Amino acid sequence: MAEVPFHYIDLRAFCYATEDDKRVEQALRTYLPDEFEIQRAKSEGHHGDRILVLSARVENADEMRHVLSKVAELPDDAGLLDELDERVDENCSLFLRLDKQAAYRGEAELGEGITFRAKVEAYPAKKEAAVENAHETLASL
């Protein structure tokens, strides 16, 4: 994959009071290059419980290739390519929800816990062009 048709990739996971933040960070790092900086923001739930928001924005092409190579490990039966029209919004952003437990084990699966958002390059900036670019990229992985 020579070119990466994304402006950036955002990854985010919530760490609830019942979870170990080191394990949630390890799950998020499954998709990130080594030693990549993870931002931490403290928040509070509806009942006053602690929520730690772990996030990372990947903007460098080589680092985005690393993230995408891990996304490429999603099982073939995930149906990702067939769902791209629903996963890309009018702002040309591609959304995936990745399984936090699987990521902790070092595996890539669709599920709950990690939010993946990639801003797709599209000229003109239309959903159809973004879907086509995302399809070409993900199919070539």
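Below is a summary of the structure that appears in this document. (Residues numbered from 1 in each chain as written. Predicted model: local features only at pLDDT ≥ 70, side-chain atom pairs only at ≥ 80, totals over all residues. Heavy atoms only, no water.)

Our focus in this paragraph is helix H2 (residues 61-71). All of the buried residues in H2 are Met 64, Val 67, Leu 68, Lys 70 and Val 71. For H2, the angular spread of buried residues about the axis comes to 155°, placing them on one side. Of the residues flanking the start of H2, the one acting as N-cap is Asn 60, its side-chain oxygen 2.8 Å from the backbone nitrogen of Asp 62. (Buried < 20%, exposed > 50% of the residue type's maximum accessible area, 1.4 Å probe, protein only. Helix = DSSP H or I, 4+ residues; strand = E, 2+ residues; numbered from the N terminus. Arc of directions from axis to C-beta. Polar contact = N/O pair within 3.5 Å; in protein donor to acceptor, adjacent residues only side chain to side chain.)

What follows deals with the sheet that holds strand S2 (residues 39-44). With antiparallel pairing, the five strands of this open sheet are ordered in space as S2-S3-S1-S5-S4. Among the strands making up the open sheet, the edge pair consists of S2 and strand S4 (93-99). Pairs of neighbouring strands in the sheet enclose a mean axial angle of 20°, with direction left out of account. Both S4 and strand S5 (residues 113-120) contribute to a ladder of seven bridges, which runs antiparallel. What sits directly across from Asp 99, in S5, is Gly 113. Those strands touched by helix H1 (residues 21-29) are strand S1 (6-16), S2, strand S3 (50-58) and S5, and its axis lies near 155° from that of S1. (Pairing = 2+ DSSP bridges. Axes fitted to C-alpha atoms, helices over the stretch in contact; angles between N-to-C directions. Contact = heavy atoms within 4.5 Å.)

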